[in-house]
Amino acid sequence: MPRPILDESHIHAAIREKVATHEQAIVREVQAAVAKHPVVVVGMGMNPFPKKARKLLDDAGVVYQYLEYGNYFNTWRQRNALKLWTGWPTMPMVFVKGVLVGGANDLVKLIESGELKKMLA
């Protein structure tokens with residue numbers, strides 16, 4: 001799946017370090033959680049969709065790690081770094097065995113089709 005990403009050769013050498021390190025602490029934290037836990041939900045407060053994803057997993061009896069980063073009024077820069085890293089534009093971000101599967105509505109489809117159980121088997 002090709003996704004357009006600005007090639008490093010088109011980023012001036014003077015700003016490459018800033019581009020490479022901008023808000024990367026949050027990305028490393030999520031990467032560590034994804035490496036450690038079979039299911040990770042990344043969300044934010046005040047957004048009903050991370051809550052929906054967690055309820056779906058609870059109802060399916062799936063254990064997960066939940067990471068919450070701010071709300072609509074704060075920490076948007078950090079969440080933006082996650083969106084740039086994954087290419088996924090919204091919250092939540094649901095990872096299953098290291099694979100980004102989408103958000104709450106995508107999780108519904110995985111559960112209904114039985115694919116989530118297959119992925120976790």
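Residue positions within a chain follow its written sequence, with the count starting from 1. At least 70 in pLDDT is required for a residue's local features to be given in this predicted model, at least 80 for side-chain atom pairs to be given and counted, and no such filter applies to totals for whole chains, interfaces and linings, which use all residues. To get the side-chain values, all heavy atoms of the structure are used, and hydrogens and water are removed first.

K.L.:
How would you sum up unusual backbone geometry? Please name residues and give values.
P.N.:
Of note, the amide linkage connecting M91 to P92 takes the cis form, showing an omega dihedral of 5°. What counts as a helix is a DSSP run of H or I of at least four residues, what counts as a strand is a run of E of at least two, and both are numbered from the N terminus. Secondary-structure assignment places P92 in the loop between helix 4 (76-86) and strand 3 (93-96). Not every positive phi belongs to a glycine, and E23 is a case in point at roughly 55°. Along the chain, E23 falls in the loop between helix 1 (16-21) and helix 2 (24-36).

K.L.:
A description of a nonpolar patch on the surface should follow, citing residues and the corresponding values.
P.N.:
Residues form patches when they are more than 30% accessible in relative terms and have no salt bridge. Like charges link within 9 Å. Nonpolar side chains (Val, Leu, Ile, Met, Phe, Trp, Tyr) link within 5 Å. For the accessible areas, the method is Shrake-Rupley and the probe is 1.4 Å, while residue cover comes only from the protein chains on display. Criterion for a salt bridge: a side-chain nitrogen of Lys or Arg within 4 Å of a carboxyl oxygen of Asp or Glu. Together, M46, Y72 and F73 give the surface a local cluster of nonpolar side chains, amounting to about 400 Å² of exposed area. Tracing the chain through its elements places F73 in the loop between strand 2 (65-68) and helix 4.

K.L.:
So what's going on with the packing of aromatic side chains? Residues and values would help.
P.N.:
Two aromatic rings, drawn from Phe, Tyr or Trp (for Trp, its six-membered ring), form a pair once their centres lie within 6.5 Å of each other, and the interplanar angle then sorts them: stacked below 30 degrees, edge-to-face above 60, tilted otherwise. Under the counting rule described, the total for this entry stands at one aromatic pair. Comment: the charge-over-ring label is applied if NZ (Lys) or CZ (Arg) is within 6 Å of the ring centre and within 35 degrees of the ring normal. Positioned above the aromatic ring of Y66, the side-chain terminus of R54 is 4.1 Å from the ring centre.

K.L.:
Before we move on, could you go through the pairing of strand 1 (residues 39-43) and cite the residues and values that matter?
P.N.:
Throughout, exposure labels follow a simple rule: accessible area from a 1.4 Å probe, protein chains only, divided by the maximum for the residue type, with under 20% read as buried, over 50% as exposed, and the rest as partly exposed. The buried count for strand 1 comes to five of five residues, which makes it a mostly enclosed element. Burial along strand 1 is two-sided: V39, V41 and G43 and V40 and V42, pointing in opposite directions, are all buried. Pairing of strand 1 with strand 3, which is carried by four bridges, proceeds in the antiparallel orientation. The residue of strand 3 that forms the bridge with V41 is V94. The parallel pair strand 1 and strand 2, bridged by helix 3 (residues 48-59), forms a crossover whose chirality is right-handed. For two strands to pair, DSSP has to find at least two bridges joining them. Crossovers are marked right-handed if the path from the first strand over the helix to the second runs clockwise, as seen with the strands pointing away from the viewer.

K.L.:
A description of the pattern of salt bridges should follow, citing residues and the corresponding values.
P.N.:
Opposite charge on two side chains permits them to pair, given that their charged atoms come into close proximity. What the rule picks out here adds up to one salt bridge. In this structure, D59 engages K55 in a salt bridge whose closest nitrogen and oxygen atoms are separated by 2.9 Å. With D59 and K55 both in helix 3, this residue pair falls four residues apart, about one helical turn.

All we've got here are geometric facts, nothing functional implied.
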